[in-house]
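# What the coordinates show
Here's the letter readout for the chains.
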Amino acid sequence: MQIAITRGVSPSMDSCELTFLERAPIDIARAREQHAAYEACLAGLGLHVISLPAEPGFPDAVFVEDPALVLEEVAVILRPGAASRRGEADSLERILAAYRPLRRLRDPATLDGGDILRAGKTIYVGLSARSNAAGVQQLAAAVEPFGYAVRPVLVRGCLHLKSAASYLGEGTVLVHRPWVDAGAFAGMKLIDVPEECGANVLAIGQTLLVAKAAPRTAERLEQLGWQVRLLDNSELAKAEGALTCCSLVFTAALPPS
Ligand code: CIR
C-alpha cells in the first residue's frame, strides 16, 4: 500500500522561513482547509494518510518533505538548511523507524528534501541556499549501497530544486529552465512549464496534483495525457510551500499498527 505522512498546519506558520517572498499575513484557518483538501485528495487516490499533529514550536513543520527522504530500502533523516527547522525531524523519525532502517545526515551537511528530485534510481540534488556539497556527499554515502546514483544540480532564483522541476514518472521531468540547469536531466523527456508556480507537481501514479494558480500547466499536462487534480494552496504558498513539500509518500507492506 502507499502511505502519505502529512502534518497539520502550525499555528505559528506566520513566522515561517522566507527567502524570496515578502512576508504576507497567512490565514491559518484557510491554510488548514486547503491542507485538509490536499490530504483528502491523497486519500481519494487510495493512499493511507498518516496526519501528524501540528507542531506549534515549528512554524514550517507542515512541510514534511524537507526533513526526510524515504526510499524503498531506507529512510534518510536529512539536515535542513534553516536552523529553525532542524527539530522537525524528531517526530518523523519515530514514525519512519517503523517502516525503514534509518540513516542520518550530520553537520556540516545541510540538505532539504525539497532539493531532492528522484527519478527511479537516480537522485538529483539541488545545490541551493539550503543544501550544500557535504549534504550531497553524505546522502550519496547513505544511498549508493542500495544502488542509487546521486547527482548535484545547480539551482538559482528559487528556494529548492523542486521549485524548479518535478519528476512526473515515465522518464519525464517538468521544468522551469530559468531556475535550473536543464542539461542535468539529459536523457529525460523535458516538459517546459508555462508558469513558474506550476513547476512543483506531485505525481501519484498517473495523477498529477497541480497548483490551482497554474492553470496553463494543468492544461498542458492534461493535453499530454495525464490526469490532473487542481489544488488551491494559496495560503501555504505565502510560506513558500508547494505541493510536494506537504507529504512524504512511500510504499509499505503493511498499514501502520
Ligand atoms: C522554508 O523556507 O523552509 C519554508 N517556509 C518553505 C519550505 C517549502 N518546502 C519545500 O518546498 N519542500
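Up top is the structure these notes are about.
Residues numbered from 1 in each chain as written. Predicted model: local features only at pLDDT ≥ 70, side-chain atom pairs only at ≥ 80, totals over all residues. Heavy atoms only, no water.

The next subject is helix H3 (residues 133–143). Side chains of residues three or four places apart in an α-helix project in the same direction, reflecting 3.6 residues per turn. Residues Ala134, Gly135, Val136, Leu139, Ala140, Ala142 and Val143 constitute the buried set of H3. On its buried face, H3 sits against strand E3 (68–70), strand E4 (75–77), strand E5 (102–104), strand E6 (116–119), strand E7 (122–127) and strand E8 (149–154). Sitting at the amino-terminal end of H3 is Asn132, which places a side-chain oxygen 3.2 Å from the backbone nitrogen of Ala134. (Buried < 20%, exposed > 50% of the residue type's maximum accessible area, 1.4 Å probe, protein only. Helix = DSSP H or I, 4+ residues; strand = E, 2+ residues; numbered from the N terminus. Contact = heavy atoms within 4.5 Å. Polar contact = N/O pair within 3.5 Å; in protein donor to acceptor, adjacent residues only side chain to side chain.)

Before going further, it helps to examine the packing of aromatic side chains. Inspection of every chain in the model, using the stated rule, returns two aromatic pairs. Relative to Phe250, the ring of Tyr99 lies with its centre 5.3 Å away and its plane at 65°, an arrangement referred to as edge-to-face. Pair noted here: Tyr99 is in the loop between helix H2 (89–96) and E5 and Phe250 is in strand E15 (residues 248–251), with a separation of 151 residues, a long-range link. An angle of 70° between the planes, with centres 4.9 Å apart, marks the rings of Tyr124 and Phe185 as edge-to-face. Here Tyr124 is found in strand E7, whereas its partner Phe185 is found in the loop between strand E10 (172–175) and strand E11 (189–192), with 61 residues between them in sequence. According to the relative accessible area criterion, Phe185 is buried, its value standing at 1%. Directly above the ring of Tyr148 sits Lys121, whose terminal nitrogen or CZ lies 3.9 Å from the centroid. (Phe/Tyr/Trp six-rings, centres within 6.5 Å; stacked < 30°, edge-to-face > 60°. Lys NZ or Arg CZ within 6 Å of the ring centre and 35° of its normal.)

Before going further, it helps to spend a moment on the pattern of salt bridges. As a working rule, side chains carrying opposite charge can pair if their charged atoms are close by. For the structure shown, the criterion picks out 14 salt bridges. With a closest N to O distance of 2.8 Å, Lys121 and Glu73 form a salt bridge. With Lys121 in the loop between E6 and E7 and Glu73 in the loop between E3 and E4, this pair connects stretches of sequence that are 48 residues apart. Members of the salt-bridge network, linked through shared partners, are Arg30, Asp232, Glu235 and Lys238. (Salt bridge = Lys/Arg side-chain N within 4 Å of Asp/Glu carboxyl O.)

Function cannot be inferred from these measures alone, as they are strictly geometric.
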